[in-house]
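# Report on the structure
What follows is each chain in one-letter form.
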Amino acid sequence: MSAYQQADETRWLVFVEKDGKQGHRWWLWVFNGEDTVVYVLDPARSHDVPREHFTAGISIVLMVDRFASYKAMAPVKAGLIVLAFCWAHVRRDFISVAKELSRLKPWGAAWLRQIRQAYRCNGETAGAMGTSAFRRA
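Values in this document were obtained by computation on a predicted structure and should not be read as measured data.

This part takes up the packing of aromatic side chains. A full pass over the atoms with the stated rule returns seven aromatic pairs. Measuring from ring centre to ring centre gives 6.2 Å for Phe 67 and Tyr 70, while their planes differ by 80°; the resulting arrangement is edge-to-face. The class of Tyr 70 is buried, set by a relative accessible area of 0%. Ring centres of Phe 94 and Trp 107 lie 5.5 Å apart, and the angle between their planes is 50°; on these two criteria the pair is classed as tilted. Note that Phe 94 is positioned in helix H4 (residues 87–100) and Trp 107 in helix H5 (residues 105–128), a separation of 13 residues in sequence. Since its relative accessible area comes to 43%, Trp 107 is described here as partly exposed. Here a set of aromatic residues connected by ring pairs shows up, and it is made of Trp 29, Phe 31, Phe 54, Phe 67 and Tyr 70. A cation over a ring is seen here: Arg 45 above Trp 27, with NZ or CZ 4.8 Å from the ring centre. Cation over ring: Arg 45 sits above Phe 67, and NZ or CZ is 3.8 Å from the ring centre.

Okay, structure coming up:
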(Lines give C-alpha, C1' and ligand atoms only; values in the text may rest on other atoms or scores of the structure.)
Protein backbone atom coordinates (compact mmCIF):
# COMPACT_ATOMS: atom_id res chain seq x y z
CA MET A 1 0.00 0.00 0.00
CA SER A 2 1.43 3.38 -0.98
CA ALA A 3 2.20 5.95 1.71
CA TYR A 4 0.38 8.67 -0.23
CA GLN A 5 -3.22 8.17 -1.31
CA GLN A 6 -6.21 10.18 -2.47
CA ALA A 7 -9.89 9.88 -1.66
CA ASP A 8 -12.97 11.57 -3.03
CA GLU A 9 -16.68 11.07 -3.38
CA THR A 10 -19.27 12.29 -5.85
CA ARG A 11 -23.00 11.86 -6.22
CA TRP A 12 -24.09 9.01 -8.44
CA LEU A 13 -27.65 8.39 -9.55
CA VAL A 14 -28.82 4.81 -9.04
CA PHE A 15 -32.33 4.04 -10.22
CA VAL A 16 -33.24 1.19 -7.91
CA GLU A 17 -35.55 1.09 -4.95
CA LYS A 18 -33.87 0.39 -1.63
CA ASP A 19 -35.72 0.04 1.67
CA GLY A 20 -35.10 3.08 3.84
CA LYS A 21 -33.57 5.09 0.97
CA GLN A 22 -35.44 8.02 -0.48
CA GLY A 23 -34.47 9.24 -3.91
CA HIS A 24 -31.86 7.98 -6.31
CA ARG A 25 -28.77 9.86 -5.12
CA TRP A 26 -26.03 7.47 -4.09
CA TRP A 27 -22.33 8.19 -3.65
CA LEU A 28 -19.42 6.89 -5.64
CA TRP A 29 -16.27 6.91 -3.52
CA VAL A 30 -12.80 6.47 -4.99
CA PHE A 31 -9.64 5.60 -3.07
CA ASN A 32 -6.44 5.58 -5.07
CA GLY A 33 -2.78 5.10 -4.39
CA GLU A 34 0.32 4.41 -6.44
CA ASP A 35 -0.73 0.91 -7.48
CA THR A 36 -4.41 0.55 -6.62
CA VAL A 37 -7.77 2.20 -7.30
CA VAL A 38 -10.84 1.16 -5.32
CA TYR A 39 -14.39 2.29 -6.13
CA VAL A 40 -17.20 1.98 -3.60
CA LEU A 41 -20.82 2.72 -4.51
CA ASP A 42 -22.83 3.44 -1.37
CA PRO A 43 -26.32 4.83 -0.73
CA ALA A 44 -24.98 7.18 1.97
CA ARG A 45 -22.37 9.91 2.20
CA SER A 46 -21.17 9.06 5.66
CA HIS A 47 -17.84 8.44 7.33
CA ASP A 48 -18.63 4.70 7.37
CA VAL A 49 -17.29 4.26 3.83
CA PRO A 50 -13.78 5.68 4.35
CA ARG A 51 -13.70 4.26 7.89
CA GLU A 52 -14.35 0.76 6.56
CA HIS A 53 -11.83 1.21 3.75
CA PHE A 54 -8.94 2.23 6.02
CA THR A 55 -9.07 -0.61 8.56
CA ALA A 56 -5.54 -2.01 8.44
CA GLY A 57 -3.95 0.42 10.91
CA ILE A 58 -1.82 1.89 8.15
CA SER A 59 0.09 5.14 8.33
CA ILE A 60 -0.47 7.32 5.25
CA VAL A 61 -0.91 10.83 3.96
CA LEU A 62 -4.39 11.11 2.45
CA MET A 63 -5.25 13.89 -0.03
CA VAL A 64 -8.89 14.88 0.39
CA ASP A 65 -11.31 17.73 0.14
CA ARG A 66 -12.48 19.01 3.51
CA PHE A 67 -15.54 16.77 3.80
CA ALA A 68 -16.09 16.09 7.50
CA SER A 69 -16.28 12.30 7.02
CA TYR A 70 -12.53 12.12 6.54
CA LYS A 71 -11.84 14.14 9.69
CA ALA A 72 -14.15 11.85 11.71
CA MET A 73 -12.15 8.68 11.03
CA ALA A 74 -10.45 7.13 14.06
CA PRO A 75 -7.06 6.70 12.28
CA VAL A 76 -7.07 10.45 11.56
CA LYS A 77 -7.84 11.26 15.19
CA ALA A 78 -5.07 8.84 16.26
CA GLY A 79 -2.55 10.48 13.93
CA LEU A 80 -2.07 7.41 11.72
CA ILE A 81 -3.66 9.09 8.72
CA VAL A 82 -2.56 12.66 8.05
CA LEU A 83 -5.01 14.59 5.90
CA ALA A 84 -3.60 16.79 3.14
CA PHE A 85 -6.33 19.14 1.98
CA CYS A 86 -6.70 19.88 -1.72
CA TRP A 87 -5.55 23.42 -2.58
CA ALA A 88 -8.45 23.82 -5.02
CA HIS A 89 -10.83 23.57 -2.05
CA VAL A 90 -8.72 25.60 0.37
CA ARG A 91 -8.31 28.32 -2.27
CA ARG A 92 -12.07 28.99 -2.12
CA ASP A 93 -11.73 30.23 1.46
CA PHE A 94 -9.10 32.77 0.46
CA ILE A 95 -11.32 33.96 -2.39
CA SER A 96 -14.18 34.44 0.08
CA VAL A 97 -11.95 36.35 2.49
CA ALA A 98 -10.63 38.62 -0.27
CA LYS A 99 -14.15 39.35 -1.52
CA GLU A 100 -16.07 39.64 1.74
CA LEU A 101 -13.68 41.08 4.34
CA SER A 102 -12.18 44.31 3.06
CA ARG A 103 -9.66 44.60 5.91
CA LEU A 104 -8.30 41.13 5.04
CA LYS A 105 -8.37 41.58 1.26
CA PRO A 106 -4.58 42.13 0.96
CA TRP A 107 -3.90 39.06 3.09
CA GLY A 108 -6.33 36.88 1.08
CA ALA A 109 -4.96 38.22 -2.22
CA ALA A 110 -1.39 37.44 -1.13
CA TRP A 111 -2.37 33.85 -0.41
CA LEU A 112 -4.11 33.58 -3.77
CA ARG A 113 -0.90 34.69 -5.50
CA GLN A 114 1.07 32.05 -3.56
CA ILE A 115 -1.44 29.35 -4.50
CA ARG A 116 -1.27 30.46 -8.15
CA GLN A 117 2.52 30.14 -8.00
CA ALA A 118 2.22 26.65 -6.48
CA TYR A 119 -0.10 25.63 -9.33
CA ARG A 120 2.36 27.08 -11.85
CA CYS A 121 5.29 25.16 -10.32
CA ASN A 122 3.26 21.97 -10.25
CA GLY A 123 2.40 22.37 -13.92
CA GLU A 124 6.04 22.93 -14.84
CA THR A 125 7.12 19.90 -12.82
CA ALA A 126 4.41 17.69 -14.31
CA GLY A 127 5.46 18.69 -17.81
CA ALA A 128 9.10 17.86 -17.12
CA MET A 129 8.58 14.52 -15.36
CA GLY A 130 9.00 12.40 -18.47
CA THR A 131 12.17 14.13 -19.64
CA SER A 132 15.69 12.80 -19.22
CA ALA A 133 16.70 16.01 -17.38
CA PHE A 134 14.04 15.32 -14.75
CA ARG A 135 15.15 11.70 -14.33
CA ARG A 136 18.76 12.87 -13.76
CA ALA A 137 17.76 15.40 -11.10
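Having put the structure on the table, let's press on.
Together, Arg 91, Arg 113, Arg 116 and Arg 120 make up a positively charged patch on the protein surface. Counting through the fold element by element, Arg 120 comes out in helix H5.

What follows concerns H5. Look at H5: 35 Å from first C-alpha to last across 24 residues, which is about the 34 Å you get at 1.5 Å a residue. Taken together, the buried positions of H5 are Gly 108, Leu 112 and Ile 115. Each element contacted by the buried residues of H5 is listed here: H4.

Conventions and cut-offs
- Residues numbered from 1 in each chain as written.
- Predicted model: local features only at pLDDT ≥ 70, side-chain atom pairs only at ≥ 80, totals over all residues.
- Heavy atoms only, no water.
- Phe/Tyr/Trp six-rings, centres within 6.5 Å; stacked < 30°, edge-to-face > 60°.
- Buried < 20%, exposed > 50% of the residue type's maximum accessible area, 1.4 Å probe, protein only.
- Helix = DSSP H or I, 4+ residues; strand = E, 2+ residues; numbered from the N terminus.
- Lys NZ or Arg CZ within 6 Å of the ring centre and 35° of its normal.
- Patch = residues over 30% accessible without salt bridge, like charges linked within 9 Å, V, L, I, M, F, W, Y side chains within 5 Å.
- Areas by Shrake-Rupley, 256 points an atom, 1.4 Å probe, with all protein chains shown as cover.
- Salt bridge = Lys/Arg side-chain N within 4 Å of Asp/Glu carboxyl O.
- Lys, Arg positive; Asp, Glu negative; His and termini not counted.
- Charge placed at Lys NZ, Arg CZ, Asp CG, Glu CD.
- Expected span 1.5 Å × (residues − 1).
- Contact = heavy atoms within 4.5 Å.

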